[in-house]
Amino acid sequence: MKDDLGRRMKRDYEDALRLSLPRRSYVVIRIDGRAFHSFTSDLERPYCRALADALDQAAVYLCSEMIGCRFAYGQSDEYSFLLTDFEKPDAPLWFDGNVQKIVSVSASLFTAAFQRTFPSTKIAGFDSRVMVISQRSEVENYFLWRQLDASANSLNMLASAHYSHAELLHQSTARKHEMLHEKGLNWAKQSADFKRGRVVRKLERAWQVDLEIPIFNRDRSYLDALIPSPELPSPIALSS
Ligand SMILES: Nc1nc2c(ncn2[C@@H]2O[C@H](COP(=O)(O)OP(=O)(O)OP(=O)(O)O)[C@@H](O)[C@H]2O)c(=O)[nH]1
Ligand SMILES: [Mg+2]
């Protein structure tokens, strides 16, 4: 009776919302701090190194937990991870591509790892979303987009540490740079990781943080080396 009920509950309710990722595609997971404008309200502005370090440590932990993770890119309160399953014919996909597992477990592991290195009386939360991208060039564009966002965010963070919200309202990017220069500040002279974000990638079998990443759009070889190319299925795989 209990087994029958369990089977029916799973079939009628759990399985109804079971969504699986397609195989042999690029999978991107982005994790983002929930309401971090308030979680970070007492932290150093414009750039809190301890916050970035804790996000990096959480990303290193998640990279080592997720099957098929290639690298991760982080900026502000977010980290994006690239997963692939096509390097070997039977390479597994994390949780067999079960979307609910992927987003819930990635968010909870990242949150727990973040709060281990960043203890606070405030509760930190992170959301997670997963997307599938079929074209390699679009994966590259995804990471170019996040890095453009990093630069825009860091300029805004620097400007808002020296000017009020009202003073910055409706000001163009060029004008924000000018306003900073008027106070003797130069965004270009800020640290590379603050302006461009950080990458976690595997070097000599260990996940490591790169704080000196290039501008992806200028040095295409950096991302190119991190994003694998898909293998076409062999005729044997096609016929099986
Ligand atoms: N003080 C400080 N705040 C930071 C730093 N990095 C990120 N933040 C904060 O993190 C926020 C991230 O913005 P969003 O992710 O767009 O917004 P959010 O408040 O987290 O809201 P949701 O993501 O929609 O839940 C920024 O607005 C900053 O306030 C930092 O180095 N120092
Ligand atoms: Mg956020």
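Residues numbered from 1 in each chain as written. Chains lettered and ligands numbered in written order. Predicted model: local features only at pLDDT ≥ 70, side-chain atom pairs only at ≥ 80, totals over all residues.

### Quick notes on the site of ligand 1
Taken together, 14 residues sit near ligand 1, with F36, H37, T40, L43 and C48 positioned nearest. When residues of the shell around ligand 1 are traced back to their parent elements, those giving at least two are β1 (26–33) and α2 (36–39). Within the shell around ligand 1, the residues separate by chemical class into 6 nonpolar, 4 polar and 4 charged. (Near = placed C-beta within 6 Å. Helix = DSSP H or I, 4+ residues; strand = E, 2+ residues; numbered from the N terminus. Nonpolar A, V, L, I, M, F, W, Y, C, P; charged D, E, K, R; others polar.)

### Concerning the environment of H170
By secondary structure assignment, the location of H170 is in the loop between α6 (165–168) and α7 (173–182). Put simply, H170 and R8 are 162 residues apart on the chain and 57 Å apart in space, counted from C-alpha to C-alpha.

### Let's talk about the sheet that holds strand β6 (residues 206–210)
Pairing is antiparallel in the open sheet, where 6 strands are placed in the order β4-β1-β3-β2-β5-β6. With one partner strand each, in any of the chains shown, β4 (126–133) and β6 form the two edges of the open sheet. Strand-to-strand twist in this sheet, taken as the mean axis angle between neighbours without regard to direction, amounts to 20 degrees. Bridge count for strand β2 (residues 69–75) against strand β5 (residues 198–203) is 4 bridges, and the pairing is antiparallel. When the bridges of β5 are listed, F71 appears paired with R201. (Pairing = 2+ DSSP bridges. Axes fitted to C-alpha atoms, helices over the stretch in contact; angles between N-to-C directions.)

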